[in-house]
Amino acid sequence: MAPLPRWLAGANRIGMPDRNRRAAMPCPAITRRRLMLGLGTAGLARPAMAQTARAVTIVVPYAAGGGTDITGREFAQVFAPEIGQTVVVDNRGGAAGHVGSVSVARSRPDATTLLFAVSTNIVVNPHLQRGDRVELTTALQPVAQVSSYQYVLVVHPDVPARNLGELLAYIRKQPKGDLTYSSGGVGNANHLAGVLFSEAAGIGMEHVPYRGTAPALLDVVAGRVTMNFSSPPPALALVREGKLRAIAVTGERRIAALPEVPTLTEAGLPGAVITGWHGVFAPVGVPAEVMDRLEAAARRASATPKFLDRLEHDGLEPAPDRPRAAFAEAVKTESAFWARKVKELDIKLE
């Protein structure tokens, strides 16, 4: 097994020179810069760091530009000083986040490779990826939850609906298959938000999967898809610019970033509460004392004013203040719910 990084071996993070405590977060370019939301500010790793200790890689299991990528990079910026190491964000997209998640599950349990997961990666995908040799529910262990969020139901501005009632009336008048909603792939969070919304409203819509949230949202902007259930970070700027129209949010209360947009319950669809979270996971096998240090660092990072400000700006919410054991129990409960729901709704990989 490779040696543990300095900070996990008991090094004092405060003793690390400030000039070396910046997170390294290279970002592949995408064609539309509007969805990047400032990701270009991420710094490159300094050569001196590579000479002193191994970097910690945080795998984001999606392409650049989506909500998980945006939040993961913002988290990496505040996590790096807490561990006193370079933090590199590595985008490994595919299969609605499953490819990147499995890569972390198969990595060495030396705490140098971590997963920045969205809830569906952990509680839904394992019930869809039947032929996989890796059982994520037992191959990964929670470190800490770092945010909570809900979805924003957005439509193209040409859709003749300004509220939920008008949208549902419009949907019911259209021929089957004419109304579409996009997602970042089967089993992706915005796919399942659409499934639960359709079930609650008693309507049928055509699901159009993409390889990532960014292209799924961009095709709504282009008018090729009717709507999307987006996590807030990639949608907010487009709503503010008038390129998308926000109809409702899917949580129990309105979000500060879009105070004028009602919840689904307020808009007339009671009981349709659809939420998610972001969390850090490690491969099983990382020693308990190392997990304790990772958890403490992640929880400190997610409580910094800088990160909390970014969450509010992006339309996200702070994570509940709970230890990883409680987070692990919540993950088990959600996983059991989706095991039943996947069968009940006959959700299958396409």
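Residues numbered from 1 in each chain as written. Predicted model: local features only at pLDDT ≥ 70, side-chain atom pairs only at ≥ 80, totals over all residues. Heavy atoms only, no water.

Caption draft 1: Just the overall build of the protein chain, in detail. The secondary structure content of the protein chain amounts to 13 helices and 11 strands. Across the 350 residues of the protein chain, 59% fall into the buried class. Sequence-distant contacts in the protein chain: of pairs separated by 6 or more residues, those separated by 24 or more amount to 80%. Roughly 14800 Å² of accessible area belongs to the protein chain as shown, and the carbon and sulfur atoms make up 51% of that amount. (Helix = DSSP H or I, 4+ residues; strand = E, 2+ residues; numbered from the N terminus. Buried < 20%, exposed > 50% of the residue type's maximum accessible area, 1.4 Å probe, protein only. Contact = heavy atoms within 4.5 Å. Areas by Shrake-Rupley, 256 points an atom, 1.4 Å probe, with all protein chains shown as cover.)

Caption draft 2: How the structure looks around the sheet that holds strand β1 (residues 56-60). Within the open sheet, the 6 strands sit side by side as β2-β1-β3-β10-β4-β11. Their pairing is mixed. For this open sheet the edge positions go to β2 (87-91) and β11 (317-318), each flanked by a neighbour on one side alone. Pairing of strand β4 (residues 140-150) with strand β10 (residues 275-283) involves 9 bridges; the strand directions are antiparallel. Looking at β10, one finds that Ser148 is bridged to Trp277. Its contacts with the sheet place helix α3 (residues 98-105) against β1, β3 (113-118), β4 and β10, and it is angled at close to 145° to β3. (Pairing = 2+ DSSP bridges. Axes fitted to C-alpha atoms, helices over the stretch in contact; angles between N-to-C directions.)

Caption draft 3: Examining α3 more closely. For α3, the tally of buried residues reaches 6 of 8 residues, placing the bulk of the element in the interior. Buried within α3 we find His98, Gly100, Ser101, Val102, Val104 and Ala105.

Caption draft 4: Highlighting the environment of Val118. Position of Val118 relative to the elements: it lies in strand β3. Once residues lying within four places of it in the same chain are set aside, the contact partners of Val118 are Tyr62, Thr68, Tyr149, Trp277 and His278.

Caption draft 5: Local environment of empty space enclosed by the protein. Within the structure shown, the criterion is met by 3 cavities of 30 Å³ or more. Counting only elements with at least two residues in the lining of the largest cavity, the list comes to α2 (67-83), α8 (189-201) and β8 (227-230). A per-class count over the lining of the largest cavity returns 6 nonpolar, 8 polar and no charged. (1 Å grid on protein atoms, 1.4 Å probe; cavity = no way out; pocket = protein on both sides within 12 Å on 5 of 7 lines; lining within 4 Å. Points joined across faces, edges and corners; volume = space filled by probe spheres on them. Nonpolar A, V, L, I, M, F, W, Y, C, P; charged D, E, K, R; others polar.)

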